[in-house]
Amino acid sequence: MELKFSVGGRIARPVSEVFEAVVNPETLSRYFTTGGAEGRMKTGTVVYWSFHDFPGRFPVDIIEVVDNERIVFEWDSDDPDTPYKVRTTMEFEALEDGRTLVTIREEGWRQTPAGLKASYGNCSGWMQMLCALKAWTEHGINLREGMFQ
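Residues numbered from 1 in each chain as written. Predicted model: local features only at pLDDT ≥ 70, side-chain atom pairs only at ≥ 80, totals over all residues. Heavy atoms only, no water.

## What about the pattern of salt bridges?
Then comes step 1: Under the definition given, this model contains 10 salt bridges.
Then comes step 2: Between Asp 61 and Lys 85 there is a salt bridge, with its nearest N and O atoms 3.2 Å apart. One end of the pair, Asp 61, is in strand S4 (residues 57-66); the other, Lys 85, is in strand S6 (residues 85-94), and 24 residues separate them in sequence.
Then comes step 3: Here Lys 85 falls in the partly exposed class, since its relative accessible area comes to 37%.
Then comes step 4: The partner of Arg 87 in a salt bridge is Glu 74, and the shortest N-O contact between them spans 2.8 Å. Here Arg 87 is found in strand S6, whereas its partner Glu 74 is found in strand S5 (residues 70-76), with 13 residues between them in sequence.
Then comes step 5: The exposure class of Arg 87 is partly exposed, given its relative accessible area of 31%. (Salt bridge = Lys/Arg side-chain N within 4 Å of Asp/Glu carboxyl O. Helix = DSSP H or I, 4+ residues; strand = E, 2+ residues; numbered from the N terminus. Buried < 20%, exposed > 50% of the residue type's maximum accessible area, 1.4 Å probe, protein only.)

Shown next as structure tokens:
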């Protein structure tokens, strides 16, 4: 059995606006990366994310960006004994009613107790990111403000 997960949600904004809220580091820093984001997501680049709840500056290797459709990246697993990369795919689908369906898949977790624990943590983190993205793009509310510090 492979450790992987998928979460998704609908956001009442056009796909171009939702996509831009993810790839733009200034916007991403307003609702998700509580410690800030550095670098715009572009194919072949490395960007950096920081979080108050997980101190440090995390490199994110951007594998592929297809405007308004998909972002694929790899970043380190949360396994201090044997670090490895996991792959995250974010897909953006314009819906007929003007909303955007965002789906986030993550895979590559090792079948170990540490891998299982980290995959559960990231799954809940990505669902929280989607909720924060929705609140920010639809209402200008930062759900994570003050939550981790």
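## A look at unusual backbone geometry
For residues other than glycine, phi is negative in most cases, and the peptide bonds are mostly trans.
Then comes step 1: Phi at Asn 68 takes a positive value of approximately 60 degrees, unusual for a residue other than glycine.
Then comes step 2: Along the chain, Asn 68 falls in the loop between S4 and S5.
Then comes step 3: The class of Asn 68 is partly exposed, set by a relative accessible area of 29%.

## Overview of the confidence of the model for the chain
Then comes step 1: Residues of the chain with pLDDT of at least 70 account for 98%, and the chain-wide mean is 93.
Then comes step 2: Here helix H3 (residues 113-139) stands out as the element of the chain with the lowest mean pLDDT, 93, in contrast to helix H1 (residues 15-23), whose mean of 98 is the highest. (pLDDT = per-residue confidence, 0-100.)

## Let's talk about the pairing of S4
Side chains on a regular strand alternate between the two faces of the sheet.
Then comes step 1: Relative to S4, strand S3 (residues 46-50) runs antiparallel, the two being bridged by 5 bridges. Its bridge partner lying in S4, Val 47 is registered against Val 60.
Then comes step 2: Hairpin connection from S3 to S4: 6 residues lie between these consecutive antiparallel strands, with Gly 56 at a positive phi of about 130 degrees.
Then comes step 3: Hairpin connection from S4 to S5: 3 residues lie between these consecutive antiparallel strands, with Asn 68 at a positive phi of about 60 degrees. (Pairing = 2+ DSSP bridges.)

## Let's talk about the side chain of Ser 77
Then comes step 1: Considering the arrangement of structural elements, one finds Ser 77 in the loop between S5 and S6.
Then comes step 2: Those residues within four positions of Ser 77 in sequence are excluded, and the remaining contacts are Thr 82, Pro 83, Tyr 84, Lys 85, Val 86 and Trp 109. (Contact = heavy atoms within 4.5 Å.)

## So, the pairing of S3
Then comes step 1: Of the strand pairs in this sheet, strand S2 (residues 36-38) and S3 are connected by 3 bridges, and their pairing is antiparallel. Its bridge partner being in S3, Gly 36 is matched across the sheet by Ser 50.

## With respect to the packing of aromatic side chains
Then comes step 1: Following the criterion strictly, the structure yields 12 aromatic pairs and no others.
Then comes step 2: Ring centres of Trp 49 and Phe 73 lie 5.4 Å apart, and the angle between their planes is 75 degrees; this geometry places the pair in the edge-to-face category. A residue pair is termed long-range when its members are at least 10 positions apart, and Trp 49 in strand S3 and Phe 73 in strand S5 qualify at 24 residues. One exposure class covers both Trp 49 and Phe 73, and it is buried.
Then comes step 3: Aromatic ring contacts, followed pair by pair, group Phe 32, Trp 49, Phe 51, Phe 58, Phe 73, Trp 75 and Trp 126 into a single cluster.
Then comes step 4: Here Arg 57 stacks its cationic end above the ring of Tyr 48, 3.8 Å away from the centre of that ring. (Phe/Tyr/Trp six-rings, centres within 6.5 Å; stacked < 30°, edge-to-face > 60°. Lys NZ or Arg CZ within 6 Å of the ring centre and 35° of its normal.)

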